Amino acid sequence: VSSVGTAPLVIEDLYYVNSPDLSMSFDYKLPLVLEPGEETIISFEYSEDDLFEDNGKLYIYSNALGKAEQRVDHYGQGVSAGSQIDVFEQEEINKADILFVVDNSCSMSEEQEDLSLNAENFVSTLVSNGIDFRISVITTDSASPVISMITSDRHDAGIALSDAVRVGTGGSMVEQGQERAMEALGPLGALSPGRFQREDATLSVVVVSDEDDSSPLTNLEYYDFFMTLKDPEMFLFHSVVGIPKEGTGTGPAPVCSSADGDRYIDQSSVTDGIVLDICGPWGASLTTLANPVYIVETVYPLTREAIKSSVEVFLDGYEVDYGWDYDDVTNSVIFTDTSMIVGDESLQIIYDYVEECS
């Protein structure tokens, strides 16, 4: 905007009507006085989002003779330069530190036998998944390991675990699985960081008990402790316990007499752990605890500047139409709900993009 007359040009006001993808900026305050021969610059920016035509109208109010109101029109329409597919794979953690906490009270002989019979399959699954593992075993009344640490480089690791989980049935009737795990894994415990726990490995606690937890602290306090050892995505609390049965019924009492392991189940729930029913054929399902662990990201930066309206997300070829948003500031897809992502899927983000203008 220039002052071409012989008297000062006074710009009293600017009124801008525009589509959302257009914007205006200037670095002065109104009213603006331009002496003859002076000029100022008003900048417009176009950030295309949807490939629809965008329009802007700037109304300039000044003391210009016969032109008190002037209008400047401008428009823009983006053209897609092409489509892009960004593919993401979740990080797989192939190191696992696993602590079995086995109830050694007098009612656990059958459960220990079932655990022992399936221990070799559990270890075989770890090996076949390429997991570099460390395993230790304690009881619900003692934080002292019942055997030396079992590692993936032992040829008899499965047999060693099978023997170790037969911890006997002469232990206390006051089962405190979470308390013993905390003592063992804490800084003064036999399985403290550096001794048993590795910084780049996941940490899993597996409790096998036919009674609920009688540990003295609250579940939240134990959770807070576990989170001092690992980030949430690197810690899992698994429970092989009695599961509450639906309905009361009037039939015969179930053969299994285990108590519901409510506290253990709750801890598994908040740490994304697995719960197996100790009254069912859980031994064969033990191998599910040996499946790989993936770090599921929530933010996925795109390689090109995406057109917002064109962004689509797919998991292994199936469209995901909820639980995510596109953030145009960071040019990223951000998941608000990652529950649908297991970790071994391929995540594809498909979108159109616009080339940079010059």
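Quick note: structure is the one above.
Conventions adopted
Residues numbered from 1 in each chain as written. Predicted model: local features only at pLDDT ≥ 70, side-chain atom pairs only at ≥ 80, totals over all residues. Heavy atoms only, no water. Helix = DSSP H or I, 4+ residues; strand = E, 2+ residues; numbered from the N terminus. Rg over C-alpha atoms; globule rule 2.2 N^0.38 Å. Buried < 20%, exposed > 50% of the residue type's maximum accessible area, 1.4 Å probe, protein only. Pairing = 2+ DSSP bridges. Axes fitted to C-alpha atoms, helices over the stretch in contact; angles between N-to-C directions. Contact = heavy atoms within 4.5 Å. Phe/Tyr/Trp six-rings, centres within 6.5 Å; stacked < 30°, edge-to-face > 60°. Lys NZ or Arg CZ within 6 Å of the ring centre and 35° of its normal. Salt bridge = Lys/Arg side-chain N within 4 Å of Asp/Glu carboxyl O.

Chemist: So what about the overall build of the protein chain? Which residues, and what values?
Modeler: Summing up its helical and strand segments, the protein chain has five helices and 21 strands in all. Its C-alpha radius of gyration of 32 Å places the protein chain more than 25% over the 21 Å reference for a compact globule of 358 residues. Its C-alpha atoms put the protein chain at 105 × 50 × 40 Å along the principal axes. When burial is assessed residue by residue, the protein chain has 45% of its 358 residues classed as buried.

Chemist: Got a sec to walk through the sheet that holds strand 20 (residues 332–335)? Specific residues and values, please.
Modeler: Within the open sheet, the three strands sit side by side as 16-20-19. Their pairing is antiparallel. On the outer flanks of this sheet lie strand 16 (299–301) and strand 19 (324–327), each paired with one strand and no other. Sheet twist, expressed as the average angle between the axes of neighbouring strands with direction ignored, equals 20°. As judged from the three bridges shared by strand 16 and strand 20, these two strands associate in the antiparallel manner. If you follow Val299 over to strand 20, its bridge partner there is Ile334.

Chemist: Could you give me a rundown of the sheet that holds strand 3 (residues 32–34), with the residues and numbers involved?
Modeler: Read across the sheet, four strands follow the order 3-1-5-6 without closing on themselves; strand pairing throughout is antiparallel. The open sheet terminates on both sides in strands that have one partner only, identified here as strand 3 and strand 6 (69–76). Taken over all neighbouring pairs, the strand axes of this sheet differ in orientation by 30° on average, direction set aside. Relative to strand 5 (residues 54–62), strand 1 (residues 9–18) runs antiparallel, the two being bridged by seven bridges. Looking at the pairing, Tyr15 lines up with Tyr59 of strand 5.

Chemist: Lay out the environment of Asp13 with the relevant residues and their values.
Modeler: Tracing the backbone through its elements, the reader meets Asp13 in strand 1. Counting along the chain gives 48 residues from Asp13 to Tyr61, while the straight-line C-alpha distance between them is 5.2 Å. With near-sequence residues (within four places) excluded, Asp13 lies in contact with Leu30, Tyr59, Ile60 and Tyr61.

Chemist: I'd like a description of the pairing of strand 7 (residues 82–89), backed by residues and values.
Modeler: Burial along strand 7 is one-sided: Gly82, Gln84, Asp86 and Phe88 are buried, and none of Ser83, Ile85, Val87 and Glu89, which face the opposite way, are. As paired strands, strand 7 and strand 21 (residues 346–353) are joined by eight bridges and run antiparallel to one another. Looking at strand 21, one finds that Gly82 is bridged to Tyr353.

Chemist: Describe the pairing of strand 21, naming the residues involved and giving the relevant values.
Modeler: Counting buried residues in strand 21 gives six out of eight residues, a clear majority hidden from the surface. Judged from the four bridges that link them, strand 17 (residues 312–315) and strand 21 form a sheet pairing that is antiparallel. Residue pairing across strands places Phe314 opposite Gln348, the latter belonging to strand 21.

Chemist: I'd like a description of the packing of aromatic side chains, backed by residues and values.
Modeler: Considering all chains together, one arrives at ten aromatic pairs under this definition. Aromatic side chains Tyr16 and Phe44 sit 5.6 Å apart centroid to centroid with 50° between the ring planes, which places their arrangement in the tilted category. Placement of the pair is Tyr16 in strand 1 and Phe44 in strand 4 (residues 43–46), with a sequence separation of 28 residues. A relative accessible area of 15% means that Tyr16 is categorised as buried. Each member of the aromatic cluster is reached from another via a ring pair, and the members are Phe225, Phe226, Phe235, Phe237 and Tyr264. For Arg304, the ring lying beneath its charged end belongs to Tyr353, and the centroid distance is 4.2 Å.

Chemist: Which residues make up the pattern of salt bridges, and what values go with them?
Modeler: The tally for this structure, following the rule as stated, stands at eight salt bridges. A salt bridge links Asp73 to Arg71; the shortest N-O distance between them is 2.9 Å. Asp73 gets classed as partly exposed once you look at its relative accessible area, which sits at 44%. Close ionic contact of Arg154 with Asp156 constitutes a salt bridge, the shortest N to O distance being 3.1 Å. In this structure Arg154 comes out as partly exposed when scored by relative accessible area, which is 30%. Accessibility expressed as a relative area gives 26% for Asp156, which makes it partly exposed.

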